[in-house]
Every structure is written in structure tokens, then in C-alpha cells.
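Residues per chain, in single letters:
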Amino acid sequence: MTDIETKWRKDRARLLVRVKAGAVPNEDSQEKYKLSLAEINVVRADVGLPELDRPYRVNAFAGMMAINAETERLQGKVLEQMNLTQNLRDDVRGLDQRMKEMVVEEQGRRVVVPAGEQFTLETIHDHFWMPVGTEGKPRGWEIDRAGKRASETTIKIRFGSKKNYRSGQIYNFFTKYMSDECFKNVRNCLKRAKLEPVLTKIREDELANPITTLNYLQALFVLLNNYPGLLPEFKPDLDWLNSFNAKAKLATSAYLAEKTKYTIPFNFTQIRELFEDRFGKNTDPYTYISIYGEAPSRDDWGLVMINPPAMDGQKEKKMNYIVRGDDEIWTFYLNVYKTAKFFDFKRFDTPFSSEVSKIIDAHIKRNKYKDGDYIFGKPKKDGRMSNIVASWLIDAGVKDGKPAKETETPGAINILRHAYVTEYFPDSDRQKLSEALKHSPLTTPFYVREIDPKLTEKMLEIQKNKISYEEREPMIMTRSKTRKKN
């Protein structure tokens, strides 16, 4: 994919965002970005805007020159949409100004936000992100008794990224489990009577993995304890939340103990050598383990397409694929992954080394795959390859092949993750670990296993600290490449 094509796609995507906001593209833009009337009307329909009779903006002087009543009608509709767009821009500017005047009491300063807007999710997000002090750092909140304040990454995890409040734990909790009433005014939904049945159900549904419950509890604690206008009225509810959390702490401790009791018999390099010895280099299992070694993301590779055909930006965002460049290097483009919302739905581009690129070339030639095929053949509906990877691991002597309740080597893809993490991150570098796996902040450390007992103890200590409501920094996650290629 050339730089010119990439820029064209990004510009086209930005234009569609403006269309969704009410703007109408002119005739030149329509032709340049190949926008049809049908596509424009689909975008407008998604946000409740009326259909257009033509896809481009009418000249402002058309009414003066035209005698056709239909032309005048079209001009009126377009001008109406232009006014709506301008009104939207004015609303955004007004909201930005109001955010600078929101309710806070800090360093003897008090400003006011309009009634009815103080407890929306967006206003809460902007409160914690508002720059304060001479350095202009986000307000955040204190996370320990020493006065240390939450980092930008911690704010992002709890309340969304700086420019997108729709990605934090608080947003996820209220939009997934609470009513629209709560979305517009969270104050109405922070009482025990509202929270208890919801949190109880989440805890019951997540018995196999209590970390989800713990994440929501910590985010709600931060909100109740630090957002203006809640305490002291909500102090009884905050005390109840801490009490409710006791069982979550115990469940999490048991979960951690269970997750770390197994010993991985081989590191990742050894597993790759076992695959080579058992299957040979010119095989699908060796191709898979080689690819995984340089792109250990959450994708299972079953739905990764080879050199996909030209597509619009919206379709491209819904698929993962690999492309062979003119330099004979393959690059993996990851759009679809479980933690995409945390990364603001940004794509990760991972170029493979020359060695692995040659392995991919041989794999495609051996299987007689062509452009548009999936790299490991016809996939299952969800693209998961856990079963076939498990069979490879058993054949290679990595898994014991026993039933789930008896095995000492549970999982399939998880075994590769554990082995990879323990070998390539021996110092429990939480930042690099999250970058490589694209995992959630509180899940990633569980992939460090007992090849290094001291490391496991260190990981457990980290997790015990996280459970405390003297809140610790969550793991750092940034958008970057995986480990350095050969």
C-alpha cells in the first residue's frame, strides 16, 4: 500500500466523518474520493439526517441564476445542512468553553458548569483531563498517601483517552450495564440501590475471572472519591462499595494463585525448535510459530487475509491482513483486536523480518494460496485456531494432551503467550509487555509464569498492590511495534 493511497484513504475517511456531522461535500470532493449518493445517504441515515437528492453541495448563487423551482428547493436543503454543520461547530466551541468553567475547587478557585451538564460522562472525563498548574498537566487525582497523582495512562484507563471519553472503564460500565438515564446523569445511579444489583450480577457472571469486577469497582471508587459534588452525600455508598469489594479481593487472590500454579516446561525459543524438529521448516506449524514470534498479538491468525483487494476505509477497519511490499517484506496490519477501544481503534502495522517474510513466501507457494485467501486456509467463523494449535503443541511434546481437569499444561495459544512473555520480558517490563500483546492493563502480567520463580513472586506482589484502594498505576500501554526484528 503506497503512501499516496494511504493518505487518500485517510482523507476520505475524514470526509465521511464530516458528512456524518452534517456537512455536504462539493462536486470536486465527491469525484476525488469516489463518493456515491447512496454512500453519503447511508452515512447520513446512521445519524438521523435526511437523504440528499444529489451528493454535492450546490453553488451558493444557484438560486439567483436558476429559474427551476426544483433547483431552488435543493439549494434550500443544502443550505439548511450547512447551517446545521455550523451550529454543530458552534456547539462544540461552546462546550469547550464550558469545560473550562466546570465545577472545581482548587487553589482557592471556583468556577461553575451549567446545571444539567455537571454529571454527564463527557463532563466527568473532561474534569480529570483538564490541564492545571503551570505545567498544564491533567488534573487526575491522588493515588496514594504520598500525594502522587494519576498518570495520563491511568486517567485514560479509567475515563477514556484525552480526546475520546468513550473508551474508559467508567464509560464501558455505564453504557454496558446501566440505563440511558445514568449515561446522561451518573449521579442518579451511584447510590447503592442502583449499583448493588448490577455489580452483584457482574461478579456472578465473572466468577471464572474476577478481574472484570475488580476493574469496575476501582473505577467507581475513583469517581465517587474524587469528582466534585458527590461527597459527603455519597460517603455511605462509598463505604458500601469498599465493603462489597472485599469478596472481589479474595476471589482475585484465588484467581492469581490458580493462574500462576502451572510451570511452563519450555521457553518460546525452545518451542520453536521443537516445532522445527517435529514438523520441519517447510510446514504450516513452523510458519505459525515463526509469525507468532514477531507478532504476538491477540489475533489467532485464522482471519488474516493475504494481499486483500482495494477497499474503502470502513471495510479496511474491520479486517486484519498482510501485504507484501516491493522490498519483499511482509507487513501485518492489525485492525481488529479485543482492546481496540483502549487504543482508540488505531491500527498496528508490524513489518516482519526478512527471514520470516521468506517463510511466509514459501508457505503461500506450498499451499497454492492466492491474493484474497486467508493465510491459513478456510477459517472457522470466528477465525480461532486454538484447537489446531493445541494439536501441534501435543505433537511437539509441549502439551501433555490430558483432559482439561487433569492437564498440567492448560490452554493452547495461552501457552505460546506465557512462554513468549517469560522469555522476552524477564524483568517484567510492563510497558513493553502491553505493547507486544495488546492486552488489557490488568490481564497482561498473568502471562508471566514459573520459569522464573522470583519473577512470579514479583508479579503477585504487583497484583496485590493493585487490589488495594490506595490505587497503584495500571500497566502502561502505548501504540508501537512489537519487539525489534532481526
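This section reports on the structure supplied with the text. (Residues numbered from 1 in each chain as written. Predicted model: local features only at pLDDT ≥ 70, side-chain atom pairs only at ≥ 80, totals over all residues. Heavy atoms only, no water.)

## Quick notes on the packing of helix α14 (residues 284–294) against helix α16 (residues 354–367)
Note the cut-off: Orientation is described by axes fitted as lines to C-alpha atoms, over the contacting stretch for helices, and by angles from 0 to 180 degrees between their N-to-C directions. Under the scheme used here, helices are H or I runs from DSSP no shorter than 4 residues and strands are E runs no shorter than 2 residues, and both carry numbers assigned from the N terminus. Here a crossing is taken to be left-handed if its near helix is turned anticlockwise relative to the far helix by less than a right angle, and right-handed if that turn runs clockwise. Throughout, a contact is declared for two residues whenever any of their heavy atoms are within 4.5 Å. Classification used: nonpolar for Ala, Val, Leu, Ile, Met, Phe, Trp, Tyr, Cys and Pro, charged for Asp, Glu, Lys and Arg, polar for all others including Gly.
The interhelical angle for the contact between α14 and α16, taken along N-to-C directions, is 145°, at an axis separation of 10 Å. Where α14 crosses over α16, the handedness of that crossing is left-handed. Residues Asp 284, Tyr 286, Thr 287, Ser 290, Ile 291 and Glu 294 of α14 pack against Val 356, Ile 359, Ile 360, His 363, Arg 366 and Asn 367 of α16. Here the residues of the contact of α14 with α16 are counted per class, giving five nonpolar, four polar and three charged.

## Considering the packing of α14 against helix α18 (residues 413–424)
The line we're drawing: Angles below 35 degrees are treated as roughly parallel, those above 145 as roughly antiparallel, those between 65 and 115 as roughly perpendicular, and all remaining angles as oblique.
The geometry of α14 relative to α18 is characterised by a closest axis approach of 11 Å and an angle of 45° between their N-to-C directions. Compared by their axis directions, α14 and α18 come out oblique. Crossing geometry of α14 relative to α18 is assigned as right-handed. On the side of α14, the interface is formed by Tyr 288, Ile 289, Tyr 292 and Gly 293, while α18 contributes Ile 413, Leu 416, Arg 417 and Tyr 420. Of the residues contributing to the contact of α14 with α18, the split by class is six nonpolar, one polar and one charged.

## Notes on the sheet that holds strand β8 (residues 348–351)
Basically, it comes down to this: For two strands to pair, DSSP has to find at least two bridges joining them.
The strand order across the open sheet built from four strands is β5-β6-β7-β8, with neighbouring strands paired in mixed fashion. Each of the sheet's edge strands pairs with one partner strand only, and the pair in question is β5 (304–306) and β8. Each adjacent strand pair in this sheet contributes to an overall mean axis angle of 20°, direction not counted. Sheet topology places strand β7 (residues 330–334) next to β8; four bridges connect them, and they run antiparallel.

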